[in-house]
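Spelled out, the chains give:
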Amino acid sequence: PNKQQLEKLSNDIKERSIIDEDLRIILNSFPKSAHPMGILSSLTSGLVAFDPSAVNIDDEEDMYDAILNLLAKIPVLVAWVYRRRKGLSLEYGDTSLAYVENLAKMMFQRPNKEYVQNDTIVSALNKLLILHADHEQNCSTSTVRIVGSSFAGLFASVAAGISALWGRLHGGANQAVIEMLEEIQKDGGDTKKFMSKAKDKSDPFRLMGFGHRVYRNQDPRAIIMKETCHEVLDELGLNDDPIFKLAMKLEKIALEDEYFIEKKLYPNVDFYSGIVMRAIGIPFSMFTAVFALARTAGWVAHWNEMMMSDESKIGRPRQVYKGKTKRDIK
Ligand code: SDX
């Protein structure tokens, strides 16, 4: 975009960054223990109640409006889901701040003390959101496309993508990485035991944060995320963090292990992103919700590309039936 276009988009998003108060009622009706991804998917789908024109996929203006509304409201929803779990008031940030600064304020401000921005946290969040913004036809993006291909509208399509991202084989891996590291630590830190579990076909355990459907080498995002790990832990004085040290030990062992080398299993972006989010104070139940916030930019871009293309058709995979033929009831 040129400067004016960028400024217009930024202002258009700020203009839409408030949410109908009735949505608070829906959010507050969830138990505090509800998983953030389940709440986020429900609230995203529910946005259409307050913006019915979002389903008008034949009207470019309504489509643009739906895109702006989603980009403007998803950071508020993520911040509110986080604060709901902590029993904190659901606050807005400050639209004079930039997108990430505003997100950090919405999440971390406390009602009884002046909010002071932590530049390390903002910088780490900014890198996280950029690195996770889009990644071709991954599971959740393909989900957004296939739901969108039925003309269900943007909010329903992205709500479906959020559900797909939730799985621990996909976006839920960042939470699963920390849970795995904490399990290894609780078990006495015996990385060799967990490495053999990961290689044992009869054992469902997999090394979370390793491997990828597409990358058969280091996930380039993991390289930047690892650097960010070091920066954040340095700046926050957390270098002795036992979980980070265990992660480095596990990474070294895995990169030298012949099974992992032969299977081309390398750390992926999720291996480090959880450590960064944990260091900046995001609870691991919220990790995938932050991933969803980032990936909303990519989902919206894919959805828009598909809806603007005159070649798009409804998604309809075929199958070769290999099941049983006729069977009589005994
Ligand atoms: C993301 O697609 C994207 O772009 C996704 C993503 C994005 O930005 O959208 O990059 C985000 O989802 C990253 C991946 C996060 N998931 C995890 O970290 C979960 C742990 N990883 C694995 O479950 C697995 O690697 C997958 C799910 C990521 C990929 O699954 P595949 O494609 O089935 O794995 P594969 O075919 O490459 O496996 C090859 C072999 C298999 O053994 P064999 O059957 O050949 O004997 O390697 C084994 C697998 O069992 N294997 C692992 C392993 N990952 C694969 N063994 C131990 N630990 C692992 N993590």
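Nothing here was measured: the structure is a model prediction, and the numbers come from that model.

**A look at the overall build of the chain**
(1) Moving on: From N to C terminus, the chain includes 15 helices and zero strands.
(2) Moving on: Here the C-alpha atoms of the chain give a radius of gyration of 21 Å, agreeing with the 20 Å that 2.2 N^0.38 yields for 330 residues.
(3) Moving on: The principal-axis extents of the C-alpha atoms in the chain amount to approximately 70 × 55 × 45 Å.
(4) Moving on: Counted over contacts in the chain with a minimum sequence separation of 6, partners at least 24 positions apart contribute 77%.
(5) Moving on: Carbon and sulfur atoms make up 54% of the accessible area of the chain, which amounts to about 17,000 Å² in all.
(6) Moving on: Averaged over its 43 positive side-chain charges, the chain has a centre that lies 9 Å from the centre of its 44 negative ones.

**A few points about the pattern of salt bridges**
(1) Moving on: Summed over the entire model, instances satisfying the criterion amount to 15 salt bridges.
(2) Moving on: Note that Asp203 is salt-bridged to Lys197, the shortest N-O span being 3.0 Å.
(3) Moving on: Assessed through its relative accessible area of 14%, Asp203 is described here as buried.
(4) Moving on: By relative accessible area, Lys197 is classed as partly exposed at 25%.

**Looking at helix H4 (residues 60-85)**
(1) Moving on: For H4, which comprises 26 residues, the first-to-last C-alpha distance of 37 Å matches the rise-based estimate of 38 Å (1.5 Å per residue) to within 8%.
(2) Moving on: Of all the bends in H4, the greatest reaches close to 30° and is centred on Lys73; the proline Pro75 follows between one and four positions later.
(3) Moving on: With respect to burial, H4 is a largely interior element, 21 of its 26 residues being buried.
(4) Moving on: With a side-chain oxygen lying 2.7 Å from the backbone nitrogen of Glu61, the N-terminal cap of H4 falls on Asp59.

**Let's talk about the site of the ligand**
(1) Moving on: His135, His212, Arg213, Arg221 and Arg295 are the nearest of the 25 residues found near the ligand.
(2) Moving on: His135 is positioned such that a nitrogen or oxygen atom in its side chain is 2.5 Å from an oxygen atom of the ligand.
(3) Moving on: In the model, an oxygen atom of the ligand is placed 3.0 Å from a nitrogen or oxygen of the Lys263 side chain.
(4) Moving on: Considered on its own, the ligand offers 1,100 Å² of accessible surface; in the complex 79% of this is hidden by protein.
(5) Moving on: Classifying every residue of the shell around the ligand gives nine nonpolar, seven polar and nine charged.

**Considering helix H8 (residues 154-166)**
(1) Moving on: Given a rise of 1.5 Å per residue, 13 residues ought to cover 18 Å, and the 18 Å separating the end C-alpha atoms of H8 matches this to within 8%.
(2) Moving on: The complete set of buried residues in H8 reads Leu154, Phe155, Ser157, Val158, Ala159, Gly161, Ile162, Ala164 and Leu165.
(3) Moving on: For H8, the secondary structure elements touched by its buried residues are helix H3 (36-46), H4, helix H7 (139-148) and helix H15 (287-308).

**Description of the packing of helix H1 (residues 3-15) against H4**
(1) Moving on: Where H1 contacts H4, the two axes come as close as 8 Å, and the packing angle between them is 70°. Between H1 and H4, the angle is such that the two are roughly perpendicular. Crossing angle aside, the handedness with which H1 passes H4 is right-handed. Contacts between H1 and H4 involve Lys8, Leu9, Asp12 and Ile13 from the former and Tyr64, Leu68, Leu71 and Ala72 from the latter.

**Topic: the packing of aromatic side chains**
Geometry of an aromatic ring pair is reported as the spacing of the ring centres plus the angle between the planes.
(1) Moving on: Inspection of the entire model under this criterion finds seven aromatic pairs.
(2) Moving on: With 6.0 Å between their ring centres and 75° between their planes, Tyr82 and Phe108 make a pair best called edge-to-face. A residue pair is termed long-range when its members are at least 10 positions apart, and Tyr82 in helix H4 and Phe108 in helix H5 (residues 99-108) qualify at 26 residues. In this pair, the class of Tyr82 matches that of Phe108, namely buried.
(3) Moving on: One aromatic cluster is present, built from ring pairs that chain together Phe210, Tyr259, Phe260, Phe271 and Tyr272.

**Looking at a negative patch on the surface**
(1) Moving on: On the surface, a cluster of negative charge is made up of Asp58, Asp59, Glu60 and Glu61.
(2) Moving on: Position of Asp58 among the secondary structure elements: in the loop between H3 and H4.

Conventions adopted
- Residues numbered from 1 in each chain as written.
- Predicted model: local features only at pLDDT ≥ 70, side-chain atom pairs only at ≥ 80, totals over all residues.
- Heavy atoms only, no water.
- Helix = DSSP H or I, 4+ residues; strand = E, 2+ residues; numbered from the N terminus.
- Rg over C-alpha atoms; globule rule 2.2 N^0.38 Å.
- Contact = heavy atoms within 4.5 Å.
- Areas by Shrake-Rupley, 256 points an atom, 1.4 Å probe, with all protein chains shown as cover.
- Lys, Arg positive; Asp, Glu negative; His and termini not counted.
- Charge placed at Lys NZ, Arg CZ, Asp CG, Glu CD.
- Salt bridge = Lys/Arg side-chain N within 4 Å of Asp/Glu carboxyl O.
- Buried < 20%, exposed > 50% of the residue type's maximum accessible area, 1.4 Å probe, protein only.
- Expected span 1.5 Å × (residues − 1).
- Bend = angle between axes of the 7 residues up to and from the residue.
- Polar contact = N/O pair within 3.5 Å; in protein donor to acceptor, adjacent residues only side chain to side chain.
- Near = heavy atom within 4 Å.
- Nonpolar A, V, L, I, M, F, W, Y, C, P; charged D, E, K, R; others polar.
- Axes fitted to C-alpha atoms, helices over the stretch in contact; angles between N-to-C directions.
- Parallel < 35°, antiparallel > 145°, perpendicular 65-115°, else oblique.
- Left-handed = near helix turned anticlockwise from the far one by under 90°.
- Phe/Tyr/Trp six-rings, centres within 6.5 Å; stacked < 30°, edge-to-face > 60°.
- Patch = residues over 30% accessible without salt bridge, like charges linked within 9 Å, V, L, I, M, F, W, Y side chains within 5 Å.

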